[in-house]
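Chain residues, written in single-letter form:
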Amino acid sequence: MCDTVVLRGPAGMVLAKNSDRDPNEAQLWTWAPAAEHTPGDRVHATYVDLPQVARTHAVVLSRPWWMWGAEMGANEHGVAIGNEAVFTKQPTSLEPGLLGMDLLRLALERATSAREAVEVVVDLLEQHGQSGPCSRAHPRFSYHNSFLVTDREQAFALETASRRWAVEEVRGPARSISNGLTIPGFAEKHADRLRGTVARCSVRRSVTQAAASAAAGGDSVVRDAMALLRDNGTGGGPRWSPLTGSMVGPNMHAGGLVASSQTVASWVSDTATGTHWATGTADPALSLFVPLRIDDRLAEDGYPTEGVDDTDDGHSLWWRHERWRRTALRDWVAVEAAVAVERDALERRWLESPPATADALAEADRLRQDWRRRTTDVADRRPRWVRARWAGFDRAARRGRPATSPRAQEST
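The structure reproduced in this document is the subject of the present report. (Residues numbered from 1 in each chain as written. Predicted model: local features only at pLDDT ≥ 70, side-chain atom pairs only at ≥ 80, totals over all residues. Heavy atoms only, no water.)

This part is about the overall build of the protein chain. If you tally the helices and strands in the protein chain, you get ten helices and 17 strands. For 412 residues, the compact-globule estimate of 2.2 N^0.38 gives 22 Å, and the C-alpha radius of gyration of the protein chain, at 20 Å, lies within 12% of that figure. Across its three principal directions, the C-alpha atoms of the protein chain cover 60 × 45 × 45 Å. Expressed as a percentage of the 412 residues in the protein chain, the buried residues total 59%. Sequence separation of 24 or more characterises 70% of the internal contacts of the protein chain that already satisfy a separation of 6 or more. Measuring between centres, the 51 positive side-chain charges of the protein chain sit 6 Å from its 53 negative side-chain charges. (Helix = DSSP H or I, 4+ residues; strand = E, 2+ residues; numbered from the N terminus. Rg over C-alpha atoms; globule rule 2.2 N^0.38 Å. Buried < 20%, exposed > 50% of the residue type's maximum accessible area, 1.4 Å probe, protein only. Contact = heavy atoms within 4.5 Å. Lys, Arg positive; Asp, Glu negative; His and termini not counted. Charge placed at Lys NZ, Arg CZ, Asp CG, Glu CD.)

Within strand β10 (residues 80-86), seven of the seven residues are buried, which leaves it mostly tucked inside the rest of the structure. A loop of four residues connects strand β9 (residues 72-75) with β10, the two strands running antiparallel in sequence, and Gly-78 in this loop sits at a positive phi of about 85°. Pairing between β10 and strand β11 (residues 144-150): seven bridges, direction antiparallel. Bridge pairing in β11 links Ala-85 to Asn-145. (Pairing = 2+ DSSP bridges.)

The next thing to look at is a nonpolar patch on the surface. Taken together, Leu-243, Leu-257 and Val-258 make up a surface patch of nonpolar side chains, about 330 Å² in accessible area. For Leu-243, a relative accessible area of 51% puts it in the exposed group. (Patch = residues over 30% accessible without salt bridge, like charges linked within 9 Å, V, L, I, M, F, W, Y side chains within 5 Å. Areas by Shrake-Rupley, 256 points an atom, 1.4 Å probe, with all protein chains shown as cover. Salt bridge = Lys/Arg side-chain N within 4 Å of Asp/Glu carboxyl O.)

Moving on: the sheet that holds strand β15 (residues 262-270). Reading across the sheet, the six strands line up as β14-β1-β2-β15-β16-β17 and stay open at both edges, with antiparallel pairing between neighbours. The open sheet has two edge strands, β14 (174-177) and β17 (290-292), and neither has a second partner. The mean angle between the axes of side-by-side strands here comes to 15°, regardless of whether they run parallel or antiparallel. Where strand β2 (residues 13-21) and β15 come together, eight bridges link them in antiparallel fashion. Counterpart to Asn-18 in the pairing with β15 is Ser-266. (Axes fitted to C-alpha atoms, helices over the stretch in contact; angles between N-to-C directions.)

Moving on: the packing of aromatic side chains. If you walk through the whole model with that rule in mind, you get seven aromatic pairs. Ring geometry for Trp-324 versus Trp-371: centroids 5.6 Å apart, planes at 35°, classification tilted. Here Trp-371 lies in helix α9 (residues 357-374) and Trp-324 lies in helix α7 (residues 317-328), a separation of 47 residues in the sequence. Like Trp-371, Trp-324 is buried. (Phe/Tyr/Trp six-rings, centres within 6.5 Å; stacked < 30°, edge-to-face > 60°.)

This part takes up the side chain of Glu-71. Along the polypeptide, Glu-71 turns up in the loop between β8 (59-64) and β9. Separated by 3.4 Å, the side chains of Glu-71 and Lys-17 make a polar contact. A distance of 3.2 Å separates polar atoms of two side chains, one belonging to Glu-71 and the other to Arg-21. (Polar contact = N/O pair within 3.5 Å; in protein donor to acceptor, adjacent residues only side chain to side chain.)

Let us now look at the pattern of salt bridges. Enumeration over the complete set of coordinates arrives at 26 salt bridges. With a closest N to O distance of 2.9 Å, Arg-175 and Glu-168 form a salt bridge. Counted as one network, the salt bridges with shared partners bring together Lys-17, Arg-21, Glu-25, Glu-71 and Glu-84.

This part takes up the sheet that holds strand β3 (residues 27-32). Strand-to-strand pairing in sheets goes through backbone hydrogen bonds, with the strands running parallel or antiparallel. Here we have seven strands laid out as an open sheet, ordered β3-β8-β9-β10-β11-β12-β13, and antiparallel in their pairing. At either end of the open sheet lies a strand with only one pairing partner, and these are β3 and β13 (164-169). Neighbour to neighbour, the strand axes of the sheet diverge by 20° on average, direction disregarded. As paired elements, β9 and β10 share three bridges and run antiparallel to each other.

Another point: the packing of helix α1 (residues 100-110) against helix α2 (residues 114-128). Where α1 meets α2, the closest approach of the two axes is 9 Å, and the angle between their N-to-C directions is 130°. As far as their axial angle goes, α2 and α1 are oblique. Read as a crossing pair, α1 and α2 show a hand that is right-handed. Packed against α1, whose contacting residues are Leu-103, Leu-106, Ala-107 and Arg-110, the element α2 presents Glu-116, Ala-117, Val-120, Val-121, Leu-124 and Leu-125 at the interface. (Parallel < 35°, antiparallel > 145°, perpendicular 65-115°, else oblique. Left-handed = near helix turned anticlockwise from the far one by under 90°.)

Right, let's talk about the environment of Glu-76 for a bit. Summarising the element assignment, Glu-76 is placed in the loop between β9 and β10. For Glu-76 and Leu-108, which are 32 residues apart along the polypeptide, the C-alpha to C-alpha distance reads 8.8 Å. Leaving out residues up to four positions away in the same chain, Glu-76 has contacts with Ala-34, Arg-55, His-57, Ala-58 and Ile-294.

Here the focus is the nonpolar core. Ranked by size, the top nonpolar core spans 79 residues in total, and within it Leu-7, Trp-29, Val-268 and Trp-350 carry the most contacts. Each residue touching Trp-350, except ones within four places of it in the same chain, is listed here: Trp-277, Leu-288, Phe-289, Val-290, Pro-291, Pro-355, Ala-360, Glu-363 and Ala-364. In this structure, Ile-81, Leu-98, Ala-117 and Val-122 belong to the second largest nonpolar core, which totals 29 residues. (Core = buried A, V, L, I, M, F, W, Y, C linked by side-chain atoms within 4.5 Å.)

Below, the discussion takes up the environment of His-276. Along the chain, His-276 falls in strand β16 (residues 275-278). Distance in space between the C-alpha atoms of His-276 and Leu-317 is 18 Å, their sequence separation being 41 residues. Among residues more than four places away in sequence, those in contact with His-276 are Val-60, Ala-74, Trp-267, Val-268, Ser-269, Asp-270, Val-290, Pro-291, Leu-292 and Ile-294. Among the polar contacts made by the side chain of His-276, one reaches the side chain of Ser-269 at a distance of 2.8 Å.

Inspection of the secondary structure assignment puts Gln-130 in the loop between α2 and β11. Along the primary structure Gln-130 and Val-268 are separated by 138 residues, whereas in three dimensions their C-alpha atoms are 26 Å apart. With residues up to four places along the chain from it excluded, the contact list for Gln-130 reads Leu-98, Leu-125, Tyr-143, His-144, Asn-145, Thr-160 and Ser-162. At 2.9 Å, the side chain of Gln-130 and the side chain of Thr-160 are in polar contact. Only 2.8 Å separates the side chain of Gln-130 from the backbone oxygen of Ser-162, close enough to count as a polar contact.

What follows is the structure, given as structure tokens:
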């Protein structure tokens, strides 16, 4: 379950996305350089191989630890993409194939414009389709995908149902997609309304579309995009449902018995400057958006990724933050109020003069440690069933799951 928006800024398009996935699914930043390939080379996606192209472009991505593909990312030509799970009347398949996240990464590696990226996805979709398990925690879960694709000048919504697809150019100030089909004609023909209702996609999309339209064109559009992603959809803290947790806004909190997705990472691409802002951690309201650049790859000692999975390792960025955040979740409203002023002040300074990624991460770590010291004695104000659900997630994180992905990943 996710939410993605594109906004027109004064100098270029801005893409913003929350990645809402399983609560223990750590997400990693990945840098891949531009490369030349020889005839006969193959690219190893999450489950399958396919022919490689002659040249691939440099990318920076945010991806679930076990996937080759990515939830969101950008390339050296200023193309940025975010994807969404969509529920359609067309049957899904668990047969190993290309995931929507693989399609996203392949488009970024092969396209020099938003229009070309759409063409790459459509060509791959028509040749190979989309299939395969989309979750490690729920291996029977599979879905189709929609995408917002942008460069500095243009943006497109691309929606799919199996091998079928529809494209709509973004003409207005902003465009939002969630977990339901939206393109007229295509949505009426292919949308699974029941599953879309359970996912609360229309509720969240109304929130993000209104906020994005109001923010578009302003001088603070990147900061406004960050604020949009932090919105719980309640005007305050999480509003808990026994069935779906808190899924009424773009910032989603796990806790339901039927649907239990958590915002595990967030991303904002400023195509005008080529700077991408990413949390690399869960819950953007309790996180900092750190500047990322295509040519500023982090070293392993500054951003440890070796062995990161859905086990609490205590050393990676995602899990170090998560240890504090799970305490903060006990009284989200009080903790968010305690950290918001410092969070916003630091991001304003970074937006005025973006530091190197490593320097920003070090400063963010120092602030996070201070937040942790100040919020150790938090009374748990959540409903009993929410506490029980999170106790289960914590037990699973301590037990751990297989640390190997379906395909060996490149170092990140």
